[in-house]
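So you can see what is in the structure, the chains are spelled out below.
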Amino acid sequence: MRITLRQLEVFTEVLKSGSTTQASQQLSLSQSAVSASLTDLESQLGVQLFDRVGKRLVTNEHGRLLYPRALSLLERATEVEQLFQAGNGALRIAASTTIGNYILPQMLGNFHRNYPDIPLEMSIGNTEEVVKLVSEFRVDLGLIEGACQSSELISQKWLLDEMVIFCSPDHPLAKAPKVTLTDLQSAPWILRENGSGTRDVLNHILFASLPGYRIEMELGNSEAIKHAVMYEMGISCLSRRVIEEQINNGSLKEIKVEGLTLQRTLYLVYHRQKHVSDALKKLLTYCHAEHLIGNFS
């Protein structure tokens, strides 16, 4: 068998981009060279990796089976090329909004000071988007705000995160001597969008006890929610890490409900068939050493 790394590279790029035209642009090859390389690979394997639907290439079961193995081989080849270089390859991380904006900057800053030769690439989206990136092998590691149900991914418990209900200092609930679940039920809520880890967790641990709660507004990021609450448009619930500064300076007010404790678990996720590179091993080891990761279950 004479399968080449170039053929595997062409295959993975065609799968990611969905066409030989876009793959040829990404690889700086002619479209005919890409098509020939893909045809040669299919001929050597004795199967078609894509179904041809008109001019489109649709990945079939053979392509899906080969894809993670091809990526693993290409990553290992990259490691071989870098064995005698100072760098160790870029580490691609995707994080959901709260983690990416309020936890990772300090963590990755410390990591970079310890490992300055490891380039870091980070993208931020909601939990649903991060899971999609990990599932498609577009990032090495995902950090999300809720449990992941995908059987393709390994999900590991990472951090406990406290959730805080809050309002503006002039809101009636800020001055109430006692706040009940009934008070929360009748208040207008400003929430993250569906698909975010924050919203999913609140749906399970809070709003299940508040039938008929009223959503005033849905916003795509925590900063927008904080400002909407400051202008008395409603109440909300976010990670204490997100609103701690505003609680301390008095621009937001924490709402405490007797007997109600809101906590969630943050998770690390990566693909079951993902090759764990040396750079990723160093990040995981660093997290263990810094006690950022608890016992896995």
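Under an unreviewed UniProt entry, the name given to the protein is DNA-binding transcriptional regulator YeiE, and the organism recorded is Proteus cibi. The UniProt entry for the protein carries the following comment under Sequence similarities (unreviewed entry): "Belongs to the LysR transcriptional regulatory family."

Enquirer: Describe the side chain of T127, with residues and values.
Expert: Tracing the backbone shows T127 in helix α7 (residues 127-135). A residue is classified by how much of its surface remains accessible, and T127, at 7% relative accessible area, is buried. A distance of 3.2 Å separates a polar atom in the side chain of T127 from the backbone nitrogen of G197. Apart from the residues lying within four places of it in its own chain, the contact partners of T127 are S96, I144, E145, G146, G195, S196 and G197.

Enquirer: Could you give an account of the UniProt feature "domain: HTH lysR-type" (unreviewed entry) in the protein, naming the residues involved and the relevant values?
Expert: UniProt tags residues 3-60 as "domain: HTH lysR-type" (unreviewed entry). With 62% helix and 14% strand, residues 3-60 has its two end C-alpha atoms placed 20 Å apart.

Enquirer: Provide a residue-level description of the pairing of strand β3 (residues 91-96), including the pertinent values.
Expert: Regular strands place their side chains on alternate faces of the sheet. Most of β3 sits out of view: five of its six residues are buried. The pairing of β3 with strand β4 (residues 120-125) spans six bridges and is classified as parallel. Directly across from A94, in β4, lies its bridge partner S123. As paired elements, β3 and strand β5 (residues 141-144) share three bridges and run parallel to each other. If you follow A94 over to β5, its bridge partner there is G142.

Enquirer: Break down the pairing of strand β1 (residues 50-53) for me, with residues and values.
Expert: In this structure, β1 lies alongside strand β2 (residues 56-59), joined through four bridges in antiparallel fashion. Each residue of the ladder has a partner; that of R52, found in β2, is L57. Counting the residues between successive antiparallel strands, the hairpin from β1 to β2 contains two residues, one of them, G54, with a positive phi of roughly 65 degrees.

Basis of the calculations
Residues numbered from 1 in each chain as written. Predicted model: local features only at pLDDT ≥ 70, side-chain atom pairs only at ≥ 80, totals over all residues. Heavy atoms only, no water. UniProt positions renumbered as here; feature names shortened; annotations may be inferred. Helix = DSSP H or I, 4+ residues; strand = E, 2+ residues; numbered from the N terminus. Buried < 20%, exposed > 50% of the residue type's maximum accessible area, 1.4 Å probe, protein only. Polar contact = N/O pair within 3.5 Å; in protein donor to acceptor, adjacent residues only side chain to side chain. Contact = heavy atoms within 4.5 Å. Pairing = 2+ DSSP bridges.

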